[in-house]
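Coordinates in review
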Amino acid sequence: MPSDDTNAPDPRPGYRTLLRNREFAGLYAGFTLTVGASTLSGFALGTLVDRSTGSPFLTAVSMYGATFATVLGATTLMSVADGSRPRRTLVALQCVALAGACAQAVPGMPLAARFALLLLLGFFQSLSTGTRMGLLAEVVPASAYVPARSLMNITAGGTSVLGFTLGAVLLPHLTPQGLFLAAGALTAAALAVTAATVRERSVRPPRRPGLRETWTANAALLSRGGPRALLLNLWVPNGLIVGCEALFIPYAGENAGVLLAAASGGMLLGDLTVGRLLTAAWRRRCAFPLRLLLAAPYLLFALHPPTPVAAVAVFVASAGFAATLPLQERLLALTSEQVRGQVQGVESAGRMTWQGIGAAIAGATAQVLSPTVTITALAAVSVCVTVASRPYVDRTRALKAAPGSPRR
């Protein structure tokens, strides 16, 4: 199990070193294939809904609506992430994802059924994320946790771009049902890789995960000021800036692609720099400046800058998304070994949910105010949340992990 030894040397293992670890390589490959399948499936469903309804709202919900279902997993059954058989749990959840991808490929399925299936898969996806991240904390040493998360973040961003690109290339030659089958093939590959490389964690104590276990651990997590402050900073500023990104199309029109590309490039650069190049001490020092960097450049939008200037601001700001890495590292250090998977699942689900909330807030506000004013306002609120919560985040450095939730 990883330990939080802040006085130990920080060897900063490289990505190649991580990939030589067979279990990490399996988790990483399975994660990459799963992200690709999810992106391709979302593109296919969005295309199908757009052709059927012509509604921008329903199309957007079909592509990103699953993020709202992740909070259900976090509040009900996320304790399965810390069960005594995590490999079996992860393989079972991958089987559910495969069945869902194949079900979406059925021609003539009513849209209501497709949306219900989308929410169901989002629920199970949150459990899969918690289980995978719980395994990650056991597979790699503490010094390798941030580089491992950095590599997975970089890959997720790159795979999402490639998934949308592949969908656009394949769509003229395949129906949306064909894209669903391609997503199913990627999911099947992820299942095979996971089953072949990940071993069962026999060191885990026996547990009977369930609703009561989940609520008990969540209540213990949110009752502590340190983890609560970290979760606030992982969720809210991030979600508000995603709301800014959701307004790129109404703000820039045909030039929105330039801003979206700048956002992706800045995020990848930030994750690479913080995850690979900075020591643990420097990551702690940079956490607050990175959280400010995430929002402050968006204040320039109040001046309605030309696209090149706006793209530079977006690129610089998006490097601030790397603030999640030192915050996640600190949250892991404050989490007992018995509930690490659940806590990381809650963190991930909350972050994804707040991204959806941020986009919804941005869209609703822009209906009344202009996109320019809305982007500036969301950035200002993000800065205020970061500054106001800084003292509480700083106090977490003196805290230790709480005892695990009681076992029945």
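Here is a short report on the structure shown in this document. (Residues numbered from 1 in each chain as written. Predicted model: local features only at pLDDT ≥ 70, side-chain atom pairs only at ≥ 80, totals over all residues. Heavy atoms only, no water.)

**Digging into the overall build of the protein**
So the rule is basically this: Helix and strand labels come from DSSP, where a helix needs a run of H or I of at least four residues and a strand needs a run of E of at least two; each type is numbered from the N terminus. Partly exposed residues are those whose accessible area sits between 20% and 50% of the maximum for their type, while under 20% is buried and over 50% is exposed, using a 1.4 Å probe and protein chains only. Between two residues, a contact is recorded if the distance between any of their heavy atoms is within 4.5 Å. The Shrake-Rupley method, run with a 1.4 Å probe, gives the accessible areas here. Residue values count only the displayed protein chains as cover.
If you tally the helices and strands in the protein, you get 17 helices and zero strands. Expressed as a percentage of its 408 residues, the buried residues of the protein come to 51%. Counted over contacts in the protein with a minimum sequence separation of 6, partners at least 24 positions apart contribute 87%. Carbon and sulfur atoms make up 68% of the accessible area of the protein, which amounts to about 17400 Å² in all.

**Quick word on the side chain of Ser41**
With respect to the helices and strands, the residue Ser41 is situated in helix H2 (residues 22–53). Other than its neighbours up to four places away in sequence, Ser41 contacts Phe180 and Ala183.

**Overview of the pattern of salt bridges**
Here is the rule we go by: We count a salt bridge whenever a side-chain nitrogen from Lys or Arg sits within 4 Å of a carboxyl oxygen from Asp or Glu.
Applying the stated criterion across every chain yields a total of four salt bridges. Between Arg199 and Glu23 there is a salt bridge whose closest N-O contact spans 3.2 Å. One end of the pair, Arg199, is in the loop between helix H8 (176–197) and helix H9 (211–222); the other, Glu23, is in helix H2, with 176 residues separating them in the sequence. Overall, Glu23 belongs to the buried group, its relative accessible area being 11%.

**Structural notes on the nonpolar core**
Applicable threshold: Side-chain atoms within 4.5 Å link the members of a nonpolar core, which is a set of buried Ala, Val, Leu, Ile, Met, Phe, Trp, Tyr and Cys residues.
Counting residues in hydrophobic clusters, the biggest one holds 50 residues, and the most contacted among them are Ile241, Phe248, Leu259, Tyr298, Phe301, Val314 and Ile375. With 10 residues, helix H10 (residues 225–245) is the largest single contributor of residues to this core. Other than its neighbours up to four places away in sequence, Ile375 contacts Cys244, Leu247, Tyr251, Tyr298 and Phe301. In terms of nonpolar packing, the next biggest core, distinct from the first, is built from 30 residues, Leu90, Ala137, Val146 and Ala148 among them.

**Structural notes on the environment of Thr365**
To keep things clear, this is the line we draw: Here a polar contact means two N or O atoms within 3.5 Å. Within protein one must be a hydrogen donor candidate and the other an acceptor candidate, and residues neighboring in sequence count only if both atoms are side-chain atoms.
On the secondary structure map, Thr365 appears in helix H16 (residues 340–368). C-alpha separation for the pair Thr365 and Ile375, spaced 10 residues apart in sequence, amounts to 9.6 Å. Within the structure, the side chain of Thr365 is placed 2.7 Å from the backbone oxygen of Ile361, a separation counted as a polar contact.

**A short note on the environment of Leu18**
Here Leu18 lies in helix H1 (residues 15–19). Residue Leu18 is classed as buried on the basis of its relative accessible area, which comes to 5%. Linking Leu18 and Ala148, residues 130 residues apart in sequence, is a C-alpha distance of 7.1 Å.

**Comments concerning the packing of H9 against H16**
As a reminder of what qualifies: Only C-alpha atoms enter the line fits that serve as axes; for helices the fit covers just the stretch in contact. Angles between N-to-C directions range over 0 to 180 degrees. Under this scheme an angle from 65 to 115 degrees is roughly perpendicular, one under 35 degrees roughly parallel, and one over 145 degrees roughly antiparallel; angles in between are oblique.
It is the contact of H9 with H16, at a shortest axis distance of 11 Å, that shows an interaxial angle of 70°. In terms of axis orientation, H9 runs roughly perpendicular to H16. In this structure, H9 uses Glu213, Thr214, Ala217, Asn218 and Leu221 to contact H16, whose residues at the interface are Gln342, Val343 and Val346.

**Regarding the packing of H10 against helix H15 (residues 324–333)**
The following threshold applies: Should the near helix be turned anticlockwise from the far one by less than a right angle, the crossing is termed left-handed; should it be turned clockwise, right-handed.
Taken N-terminus to C-terminus, the directions of H10 and H15 make an angle of 155°; their axes are 10 Å apart at the nearest point. Judged on the interaxial angle alone, H15 and H10 are roughly antiparallel. At the point where H10 passes H15, the crossing takes the left-handed sense. Residues Pro227, Leu230, Leu231, Asn233, Leu234 and Asn238 of H10 lie in contact with H15, whose contacting residues are Thr324, Leu327, Gln328, Arg330 and Leu331.

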